[in-house]
Amino acid sequence: MNKKAVLIIRTVSVEKLSKALDLAGERWPDHPLAVASSINRLNELSDEPRIDHLYGIETGTGGFEVPLVLDETFEAIVFPVGNAHGSGYGNVFWACRSLSAKSLYISSYCQDLRVIGAFRLKLKCLIEKFLEDILTVIGAIGARRLIRQFDL
Amino acid sequence: MARSFSPQNPDEYLQTLKRVSVAILSYNRCSELEETLTQLYKKGDLWCEVIVGDNASTDGSRAMVREQFPQVKVLNTGGNHGIVGSNLAYTSAVGDWVLSLDDDSHPVIESLAPVCRAIENGCVAAAIALSVRKKWIPAEKSESEVVKPAFGFSSAGVLFNRKAIREIGAYDPELFLFTNELHWTARALSKGWEVAACDHSVVIHRSAPANRSSWRHAHFYCRNTLLFLLRYAPKRLLPKLLTGFLRDIWLFTLLHGSGVYLKALAEARKLQKAKPWQEPRLSIEQFHAIKPDLRAPFSYLG
């Protein structure tokens, strides 16, 4: 029977992703590895022999804006993050909210794999979204000032 | 009539490289520079010239070039001035086209036939982006050989049309590092030039770990992206774009517990104030085609 794939979301540079691929390969040696990445980086990843499937993600000027929808159920989904707890990746988690997997992992600095519950992940997204909403007001005031200051 | 290279002489495209100057930005990565130059000359002296724009390296890079590659021209910027090293090399080049490389990137010469064909056929693009990758598998022939329209490139692997460099100028030196390609693309498009890309022609970017600090990435990416919005974003989109970007500056200041983004904001304002901007802005269509990643500056710290 075909084993379910492990999906890694490319939220870090291709160099750091390589470390995450090593970690996933060690953890799930018998499972195929899939990577979801913004379309403009697919070329760079197409030569990577450790990747069995590649999925393109539509991104906008705000990064991961479009929800990622895949029919497959994955063994695990891994979110490599460039910091300790995944702060600032709320938009990525949010874009992946409809994906289905047995378990979810965060890979801090691409150096470890830590299980994270779906509820906690959702909570992270909601907190970041709440902060974003509040700070949008400050952003709007700042934008108006800049436009006025530089007569844009 | 469109030029095609003879199947009897598969290396005919190499003659086109005599119209290409190579410009390499170098800073304190001597062994990487040595590898790049070795790769450039592995099939002989194919190029119009090779120029190294060196940011006053202190690790013996210039001495290495003088000793091992005496045919290479080295231009010393006299200090670490970031992309000024590239600018010096681009503007002193004499070839019709300028192949821009980093000290840790090199072209796969065997893959350059399609861009050489485009050059021979009178390509009028301002720049042709090459496919910058970690490695190249020769057996793979799946990539399109077509040189097609594009809206961005990486300095680690791009062919500049020297006519465009003369008309548009080189990179904006005050940017120092990062997003300089984005700014240049905007200038080129807003002045009526086109940018092209060829997926088949490959540059290997070895991405040496030296001189890659996250703080510098975050600072310059953030500052320069804001400058990009202030200078080139279409007026109609500006309030929304600036609101989102300033929100992110505050958001990531809190999440990352770092003042680097606020410092970048202050510097961007200072630079914008010092130099009133006269260049034309991008149209909404051009801006959406470039699709700058406004979250990128915030992905280096945490």
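Positions within a chain are numbered from 1, following the residues in the order the chain's sequence is written. The naming scheme follows written order: chains are lettered A onward, ligands numbered 1 onward. Local features in this predicted model are restricted to residues of pLDDT 70 or higher, and side-chain atom pairs are both shown and tallied only at a pLDDT of 80 or more, whereas totals for entire chains, interfaces and linings draw on every residue. Working from all heavy atoms in the structure, the side-chain values ignore hydrogens and water.

A.B. asks: What am I meant to see in the domain arrangement of chain B here?
C.D. replies: Many descriptions give the size of an interface as the accessible area lost when the pieces come together. Residues and elements named next belong to chain B. You can read the domains of chain B as domain 1 (12-205) and domain 2 (214-299). Domain start and end points were adopted from an automatic or database domain assignment. Distance between the C-alpha centres of domain 1 and domain 2: 26 Å. Tallying the contact residues gives 17 residues for domain 1 and 22 residues for domain 2. When two parts are put together, the accessible area they lose, computed with a 1.4 Å probe and summed over both, is reported as buried area. Buried surface at the junction of domain 1 and domain 2, both sides included, amounts to about 1,800 Å², of which 64% is carbon and sulfur. Definition used for salt bridges: Asp or Glu carboxyl oxygen within 4 Å of a side-chain nitrogen of Lys or Arg. At the junction of domain 1 and domain 2, the tally comes to 5 salt bridges. D172 is paired through a salt bridge with K275; the nearest N and O atoms lie 3.6 Å apart. All amino acids are sorted into three groups, where Ala, Val, Leu, Ile, Met, Phe, Trp, Tyr, Cys and Pro are nonpolar, Asp, Glu, Lys and Arg are charged, and the leftover types, Gly among them, are polar. When the residues that make up the side of domain 1 that touches domain 2 are grouped by side-chain class, the tally is 8 nonpolar, 5 polar and 4 charged. Whether two residues touch is decided by their heavy atoms; if any such pair falls within 4.5 Å, the residues are in contact.

A.B. asks: Just checking my understanding: could you explain the sheet that holds strand β5 (residues 100-108) of chain A for this structure?
C.D. replies: Two orientations exist for strands paired in a sheet by backbone hydrogen bonds: parallel and antiparallel. Residues and elements named next belong to chain A. One bridge is not enough; two strands pair if DSSP finds at least two bridges between them. Only runs of H or I of at least four residues qualify as helices and only runs of E of at least two qualify as strands under DSSP, and these elements are numbered from the N terminus. Ordered in space as β3-β2-β1-β4-β5-β6, the 6 strands form an open sheet in which the pairing is mixed. Each of the sheet's edge strands pairs with one partner strand only, and the pair in question is β3 (53-57) and β6 (114-115). Think of each axis as a best-fit line through the C-alpha atoms, taken over the contacting stretch in the case of a helix, with angles from 0 to 180 degrees between the N-to-C directions. Docked against the sheet, helix α1 (residues 14-27) engages β1 (6-9), β2 (33-38), β4 (73-81) and β5, running at close to 155 degrees with respect to β2.

A.B. asks: I keep staring at the interface of chain B and chain A and nothing clicks. Help me out?
C.D. replies: The interface of chain B with chain A comprises 38 residues on the first partner and 35 residues on the second. Here chain B packs against chain A, burying approximately 3,100 Å² in sum over the two surfaces, 62% of which is carbon and sulfur. Taken as a group, R247, R269 and R295 of chain B account for 17% of the area that chain B buries against chain A, more than any other trio of residues on that side. Inspection of the chain B/chain A interface yields 2 salt bridges. Salt-bridge contacts for E132 of chain A lead to R295 of chain B; the nearest nitrogen and oxygen are separated by 2.9 Å. Here a polar contact is taken to be a pair of N or O atoms separated by no more than 3.5 Å, where protein atoms must pair a possible hydrogen donor with a possible acceptor and residues adjacent in sequence count only if both atoms sit in side chains. Connecting chain B to chain A are 2 residue pairs in polar contact (both at pLDDT 80 or more). When contributions to the side of chain B that touches chain A are tallied by element, the ones reaching two or more residues are β6 (127-133), α7 (214-232), α8 (238-256) and α9 (260-274) of chain B. Residue classes in the side of chain B that touches chain A are distributed as 18 nonpolar, 7 polar and 13 charged.

A.B. asks: Help me understand empty space enclosed by the protein in this model?
C.D. replies: One water molecule sets the probe size; rolling that probe over the atoms shows where empty space is left. Residue and element names in this part refer to chain B. A 1.4 Å probe that fits but cannot get out identifies a cavity on a 1 Å grid over protein atoms alone, an open set with protein on both sides within 12 Å along at least five of seven lines counts as a pocket, and a residue lines either if it has an atom within 4 Å of a point. Grid points are joined across faces, edges and corners, and a volume is the space filled by probe spheres set on the points. In this structure the tally under the stated criterion is 1 cavity of 30 Å³ or more. Taken as a whole, the largest cavity holds about 50 Å³ of empty space. Contributing to the lining of the largest cavity are L17, V20, W47, L99, L112, V115, C116, I119, L130 and L159. With 3 residues, helix α4 (residues 113-120) is the largest single contributor of residues to the lining of the largest cavity. Each residue belonging to the lining of the largest cavity can be placed in one class, and the counts come to 10 nonpolar, no polar and no charged.

A.B. asks: Looking at this model, I keep getting lost on the packing of α7 of chain B against α8 of chain B. Mind explaining?
C.D. replies: Relative orientation and spacing of two packed helices are given, respectively, by the angle between their axes and the distance between those axes. All names here are of chain B. Running from N to C, α7 and α8 cross one another at 165 degrees; their axes reach a closest spacing of 10 Å. Relative to α8, the element α7 is oriented roughly antiparallel. Of the two possible hands of crossing, α7 and α8 adopt the one that is left-handed. Here C222, T225, L226, L229 and L230 of α7 come into contact with α8, specifically with L238, L241, L242, F245 and I249. Per-class residue counts for the contact of α7 with α8 are 9 nonpolar, 1 polar and no charged. Roughly parallel means an angle under 35 degrees; roughly antiparallel, over 145; roughly perpendicular, 65 to 115; everything else is oblique. A crossing counts as left-handed when the near helix is turned anticlockwise from the far one by less than a right angle, and as right-handed when that turn is clockwise.

A.B. asks: Just to check I follow, could you spell out the pattern of salt bridges for this structure?
C.D. replies: Opposite charge on two side chains makes pairing possible when the charged atoms of those side chains draw close. This model, assessed by the stated rule, comprises 21 salt bridges over all chains. A salt bridge links R247 of chain B to D248 of chain B; its shortest N-O distance comes to 3.1 Å. Each member of the pair, R247 of chain B together with D248 of chain B, is buried. The residue D248 of chain B makes a salt bridge to R295 of chain B at a minimum N-O spacing of 3.3 Å. Highlighted residues: D248 of chain B in helix α8 and R295 of chain B in the segment after α10 (284-290), separated in sequence by 47 residues. Accessibility here uses a 1.4 Å probe with only protein chains present; expressed as a share of the type maximum, an area under 20% marks a residue as buried, one over 50% as exposed, and anything in between as partly exposed. Given a relative accessible area of 4%, D248 of chain B falls into the buried group. Residue class for R295 of chain B comes out buried when judged on its relative accessible area of 10%. Through salt bridges with shared partners, a single ionic network connects E132 of chain A together with R247, D248 and R295 of chain B.

A.B. asks: So what exactly am I meant to see when it comes to a nonpolar patch on the surface here?
C.D. replies: Taken together, F119, L123 and I127 of chain A make up a surface patch of nonpolar side chains, about 330 Å² in accessible area. Exposure remark for F119 of chain A: the relative accessible area of 66% places this residue in the exposed category. Residues enter a patch when their relative accessible area is above 30% and they make no salt bridge; the linking distance is 9 Å between like charges and 5 Å between nonpolar side chains (Val, Leu, Ile, Met, Phe, Trp, Tyr). For the accessible areas, the method is Shrake-Rupley and the probe is 1.4 Å, while residue cover comes only from the protein chains on display.

A.B. asks: Help me understand the environment of P234 of chain B in this model?
C.D. replies: Residues and elements named next belong to chain B. Locating P234 in the fold gives a position in the loop between α7 and α8. The spatial distance from the C-alpha of P234 to the C-alpha of Q286 is 9.1 Å, given a sequence separation of 52 residues. Once you skip the residues sitting within four places of it in the chain, P234 turns out to touch L282, S283, I284 and F287.

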